[in-house]
Amino acid sequence: MEGFLQALAAGLLIGAIYGLMCVGLGLIFGVMRVINFAHGDFMMLGMYVAFYLFTAAGIQAVFGNTVGPFVAILLAGPALALFGYIVHLALISRVSGTRTASLEGEGHYAQLILTLGIALILQNGGLIIFGSVLASIRTPLSSSAWELGPLFDMSIFLNKARSIDAVMSLAIMVLLSLLITRTRIGKSLRAAADNPTAATYMGIDVDRAHRTAFALGCGITAIAGGLLATNYPFHPFVGLEYVIVMYAGVVLGGMGSIIGAFWGGMTIGLVQQMSTLILPTQLQNAAIFVVFLLIIFFRPQGFFGRMVERT
């Protein structure tokens, strides 16, 4: 029972970070309907930006080793949001939005090729600039834990860094939900996602809404990557390890649902950690996709998706 509760706690904490990763991708897909294969590499850039902000930009000297990493991680979000805005303006906008509205399915071919090309450029560019040596944003909190208990002769240990990561993920998720539901920007994003043609007639700049969604998605995922880096080392090809997990979380939650994407990521984190009770660590991803296939088999629209009726 103690091992079960420990794995459950670890799954909830890491699942919150996975959920934030999936929300970034879900926001882009939900608003733009663009399959972004470079999304994991934007997360990788966020990790390195947070790392260098902490170690080389003076944040470590000003805020210390405990608070400094989280300040650097939060600053990496706006930096990657700006980078994502520029990438969309220069490249993604050429194969998405109103320019390809009349192409139907054919427009996605160019999107797939372009985002794969961007992924290759970011991966190999990162290898040239950052090198292949593993990096991490270590903090004293990464190697310490809070003890819950003892209760009924059992104690649950919560890693301090991972617990703070989970709280930050939940806080950012709440702020994003308020942005989407309560602000003018959020209304324009929802209108552009629901009906781009009608949104254009109502005076909404759909291309700008798409650019904003892409920037927000990149910034959110960069923060999630930085939070992940407080417990796991990373390298220029780390995006490949997580992009499939992100897509699995988005599909599990229901295509186009931001809340669903978060819960999809939570589910993946829980399955990953709980599987260690009966499976070796090397088979964690296998367990994730077995559960993924089972859920999709019984509920193909995902947790929060709606079944489309065909006539």
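Residues numbered from 1 in each chain as written. Predicted model: local features only at pLDDT ≥ 70, side-chain atom pairs only at ≥ 80, totals over all residues. Heavy atoms only, no water.

Caption draft 1: Geometry of the overall build of the protein. Counting its secondary structure elements, the protein contains 11 helices and 2 strands. In the protein, the order of α-helices and β-strands from amino to carboxyl end is α-α-α-α-β-β-α-α-α-α-α-α-α. The principal-axis extents of the C-alpha atoms in the protein amount to approximately 65 × 50 × 35 Å. Expressed as a percentage of its 311 residues, the buried residues of the protein come to 50%. Looking at the protein as shown, the accessible area adds up to about 15200 Å², and 68% of this sits on carbon and sulfur atoms. (Helix = DSSP H or I, 4+ residues; strand = E, 2+ residues; numbered from the N terminus. Buried < 20%, exposed > 50% of the residue type's maximum accessible area, 1.4 Å probe, protein only. Areas by Shrake-Rupley, 256 points an atom, 1.4 Å probe, with all protein chains shown as cover.)

Caption draft 2: The arrangement of the packing of aromatic side chains in detail. Under the criterion given, the structure shown has 13 aromatic pairs. Ring centres of Phe42 and Phe83 lie 5.9 Å apart, and the angle between their planes is 55°; this geometry places the pair in the tilted category. On the criterion of sequence distance, the pair formed by Phe42 in helix α2 (residues 39-56) and Phe83 in helix α3 (residues 59-90) is long-range, its members being 41 residues apart. The exposure class assigned to Phe42 is buried, which follows from its relative accessible area of 1%. Residues Tyr48 and Tyr52 carry aromatic rings whose centres are separated by 6.4 Å and whose planes lie at 20° to one another, so their mutual orientation is stacked. Residue Tyr48 and its partner Tyr52 are both found in helix α2; the two are separated by 4 residues, about one turn of the helix. Given the relative accessible area of 2%, Tyr48 is considered buried. (Phe/Tyr/Trp six-rings, centres within 6.5 Å; stacked < 30°, edge-to-face > 60°.)

Caption draft 3: Local environment of the nonpolar core. The biggest cluster of nonpolar side chains holds 86 residues, and the ones touching the most others in it are Phe42 and Phe234. With 15 residues, the single largest contributor to this core is helix α1 (residues 2-32). Phe42 has contacts with Asn36, Leu80, Phe83, Gly84, Val87, Ile118, Leu122, Phe214 and Cys218, leaving out every residue within four places of it along the chain. (Core = buried A, V, L, I, M, F, W, Y, C linked by side-chain atoms within 4.5 Å. Contact = heavy atoms within 4.5 Å.)

Caption draft 4: Focus on the side chain of Ser163. In this fold, Ser163 is placed in helix α5 (residues 160-182). Residue Ser163 is classed as buried on the basis of its relative accessible area of 10%.

Caption draft 5: Representation of α5 in the model. The first and last C-alpha atoms of α5 sit 33 Å apart over 23 residues, in line with the 33 Å expected at 1.5 Å per residue. Of the positions making up α5, those classed as buried are Ala161, Arg162, Ser163, Asp165, Ala166, Met168, Ser169, Ile172, Met173, Leu176 and Ile180. (Expected span 1.5 Å × (residues − 1).)

Caption draft 6: The packing of helix α9 (residues 239-253) against helix α10 (residues 258-274), seen in detail. Remark: α9 packs on α10, axes separated minimally by 7 Å, with the N-to-C direction vectors making an angle of 120°. Judged by the inter-axis angle, α9 sits oblique to α10. Of the two possible hands of crossing, α9 and α10 adopt the one that is right-handed. Of α10, the residues touching α9 (which contributes Val245, Ala248, Gly249, Val250, Leu252 and Gly253) are Gly260, Ala261, Gly264, Gly265, Thr267 and Ile268. Across the contact of α9 with α10, the residue classes break down as 6 nonpolar, 6 polar and no charged. (Axes fitted to C-alpha atoms, helices over the stretch in contact; angles between N-to-C directions. Parallel < 35°, antiparallel > 145°, perpendicular 65-115°, else oblique. Left-handed = near helix turned anticlockwise from the far one by under 90°. Nonpolar A, V, L, I, M, F, W, Y, C, P; charged D, E, K, R; others polar.)

Caption draft 7: Focus on the pairing of strand β1 (residues 145-151). Note: β1 against strand β2 (residues 154-159), 5 bridges, orientation antiparallel. Across the sheet, residue Glu147 finds its bridge partner in β2, namely Phe157. From the end of β1 to the start of β2, which pair antiparallel, there are 2 residues, and Phe152 there has a positive phi angle of about 55°. (Pairing = 2+ DSSP bridges.)

Caption draft 8: How the structure looks around helix α6 (residues 184-194). Those residues of α6 that sit buried are Gly186, Ser188, Leu189, Ala192 and Ala193. Buried positions in α6, seen along its axis, are confined to an arc of 160° and lie on one side of it. Pointing more than 90 degrees away from the buried face of α6 are the exposed residues Arg184, Lys187 and Asp194. Where α6 is buried, its residues meet α1, α5, α7 (196-201) and α8 (206-228). (Arc of directions from axis to C-beta.)

Caption draft 9: Seen up close, the confidence of the model for the protein. Summing up the model confidence of the protein, the mean pLDDT is 86 and the portion of residues at 70 or higher is 94%. Considering each helix and strand of the protein separately, the mean pLDDT is smallest for β1, with a value of 79, and largest for α2, with 93. Under a pLDDT of 50 for its full length, residues 307-311 has, in the predicted model, 2 contacts with residues more than four places off or in other chains. (pLDDT = per-residue confidence, 0-100.)

Caption draft 10: Molecular detail of the environment of Leu277. Its location among the elements puts Leu277 in the loop between α10 and α11 (284-298). On the basis of relative accessible area, Leu277 is assigned to the partly exposed category, the value being 44%. Note: C-alpha distance between Leu277 and Gly3 (274 residues apart in sequence) is 7.6 Å. With sequence-adjacent residues up to four places away left out, Leu277 is seen in contact with Gly3, Phe4 and Ala7.

Caption draft 11: The arrangement of the side chain of Gln272 in detail. Counting through the fold element by element, Gln272 comes out in helix α10. Those residues in contact with Gln272 that sit more than four places away from it in its chain are Tyr18, Gln284, Asn285 and Ile288.

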